[in-house]
Amino acid sequence: MPSLWKRITFSVASVLCVGSVVLLVVALSTERWVTGRILCKTGAEIVNASHPELEQFIGDIYYGLFQGGKTKKCGLGNRRSKIYIFPNLVRALNGGLHMMVILFLLVAVGFALVSLSFCIYNARKVPYQSIKGHKGLYLWNFIAALFGALGVLCFLAAVRHHSLTERVANHRENLFVLVVLDDSLDWSFWLGVGSIATHFAVCGVVAMSRIKLPKPEMKKPEEPTVSALDLLY
């Protein structure tokens, strides 16, 4: 049976692993990886809009790994539409890179669950193999953080070097050309980054579990001394 300190630290590590899984699942399922502003270039050129009038042709866009949405303003009022990455839009993107992002994040979820199971095991029992103890936890968390980082970096490469937002904005636009004025990484992306940081926090907590706390010393009760005078009485 592990000591109380080890049970506490491995329980904290288990909570952190659960947090990492939750962060990744929420990041995968939400639509706020990127948000930005889009200009309807065609509409602005038709009316020869000047700088103050351009505001009437600026809409917004947001999307995640599976779906999103956009609002375009081309002189006909606000037109909102839903964006679905699969099954058609992914063909217009760098499909291989996009699938790698999803695959890496799913593998990170898998190894986070493996780390969670080993944290629970170490909180309840003393492992008899090193791979089930501290070394194993370092390994699983490192692999989970590595795949999470690969997924995040691949998505960042798609946005910055493959014009991902522009391709998403102009999908199925036959009459109008949309120009991306600016785009930024939103909170869904940063949830993935937070999941990576969580795994390093798990490694820190696991390292703390190896600290040996001093045990309180129990003072022995003093034995009464019997003198020769006490025997006489």
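Report follows, based on the coordinates. Source: prediction; values computed, not measured. (Residues numbered from 1 in each chain as written. Predicted model: local features only at pLDDT ≥ 70, side-chain atom pairs only at ≥ 80, totals over all residues. Heavy atoms only, no water.)

### Overview of the packing of helix α1 (residues 4–29) against helix α4 (residues 95–124)
Here's step 1: Between α1 and α4, the shortest axis-to-axis distance is 8 Å and the interhelical angle comes to 160°. Regarding the angle of α1 to α4, the classification is roughly antiparallel. The element α1 and its partner α4 pack so that their crossing is left-handed. Of the residues in α4, those in contact with R7, F10, S11, A13, S14, C17, V18, S20, V21, L24 and L28 of α1 are L105, L106, A108, V109, A112, L113, S115, L116, C119, I120, N122 and A123.
Here's step 2: Split into classes, the residues belonging to the contact of α1 with α4 amount to 17 nonpolar, five polar and one charged. (Axes fitted to C-alpha atoms, helices over the stretch in contact; angles between N-to-C directions. Helix = DSSP H or I, 4+ residues; strand = E, 2+ residues; numbered from the N terminus. Parallel < 35°, antiparallel > 145°, perpendicular 65-115°, else oblique. Left-handed = near helix turned anticlockwise from the far one by under 90°. Contact = heavy atoms within 4.5 Å. Nonpolar A, V, L, I, M, F, W, Y, C, P; charged D, E, K, R; others polar.)

### Examining the packing of aromatic side chains
Here's step 1: If you walk through the whole model with that rule in mind, you get nine aromatic pairs.
Here's step 2: Here F104 and F147 contribute two aromatic rings whose centre-to-centre distance is 5.8 Å and whose plane-to-plane angle is 50°, an arrangement assigned as tilted. Placement of F104 in helix α4 and of F147 in helix α5 (residues 134–161) is noted, with a sequence separation of 43 residues between them.
Here's step 3: Ring centres 6.3 Å apart and planes at 35° place the aromatic pair F155 and F189 in the tilted group. In this pair, F155 sits in helix α5 while F189 sits in helix α7 (residues 187–208), placing the two residues 34 residues apart along the sequence.
Here's step 4: With a relative accessible area of 1%, F155 lands in the buried category.
Here's step 5: An aromatic cluster is built from F104, F111, F118, W140 and F147, whose rings are joined through pairwise contacts.
Here's step 6: Above the plane of the ring of Y62 lies R32, whose end atom (NZ or CZ) is 4.0 Å from the centre. (Phe/Tyr/Trp six-rings, centres within 6.5 Å; stacked < 30°, edge-to-face > 60°. Buried < 20%, exposed > 50% of the residue type's maximum accessible area, 1.4 Å probe, protein only. Lys NZ or Arg CZ within 6 Å of the ring centre and 35° of its normal.)

### Brief notes about the nonpolar core
Here's step 1: Within the largest apolar cluster, 45 residues are counted, with the highest numbers of intra-cluster contacts made by Y63, L65, F155, L164 and V168.
Here's step 2: Of the residues forming this core, the biggest block, eight residues, is contributed by α4.
Here's step 3: In contact with F155, other than residues within four places in its own chain, are W33, V34, Y63, L65, V101, L164, L185 and F189.
Here's step 4: By size, the runner-up hydrophobic cluster in this structure holds 13 residues, among which are F10, V202, V205 and V206. (Core = buried A, V, L, I, M, F, W, Y, C linked by side-chain atoms within 4.5 Å.)

### Thoughts on a positive patch on the surface
Here's step 1: Where like charges cluster on the molecular surface, the positive patch consists of K6, K135, R210 and K212.
Here's step 2: Tracing the chain through its elements places K135 in helix α5.
Here's step 3: Overall, the relative accessible area of 59% leaves K135 in the exposed class. (Patch = residues over 30% accessible without salt bridge, like charges linked within 9 Å, V, L, I, M, F, W, Y side chains within 5 Å. Areas by Shrake-Rupley, 256 points an atom, 1.4 Å probe, with all protein chains shown as cover. Salt bridge = Lys/Arg side-chain N within 4 Å of Asp/Glu carboxyl O. Lys, Arg positive; Asp, Glu negative; His and termini not counted. Charge placed at Lys NZ, Arg CZ, Asp CG, Glu CD.)

### Brief notes about the state of the cysteines
Here's step 1: Applying the stated criterion across every chain, the model contains one disulfide.
Here's step 2: Here C40 is linked by a disulfide to C74, with a sulfur-sulfur distance of 2.1 Å. Across the S-S bond of C40 and C74 the torsion is about 110°, and the bridge reads as right-handed. Separated by 34 residues along the polypeptide, C40 in strand β1 (residues 34–40) and C74 in the loop between β3 (67–73) and β4 (78–84) bring together distant segments of the chain. Just as C40 is buried, C74 falls in that class too.
Here's step 3: No disulfide involves C17; its nearest neighbouring cysteine sulfur is the one of C119, lying 4.1 Å away.
Here's step 4: With relative accessibility at 0%, the residue C17 sits in the buried group. (Disulfide = S-S within 2.5 Å.)

By themselves, these observations are geometric and do not establish any function.
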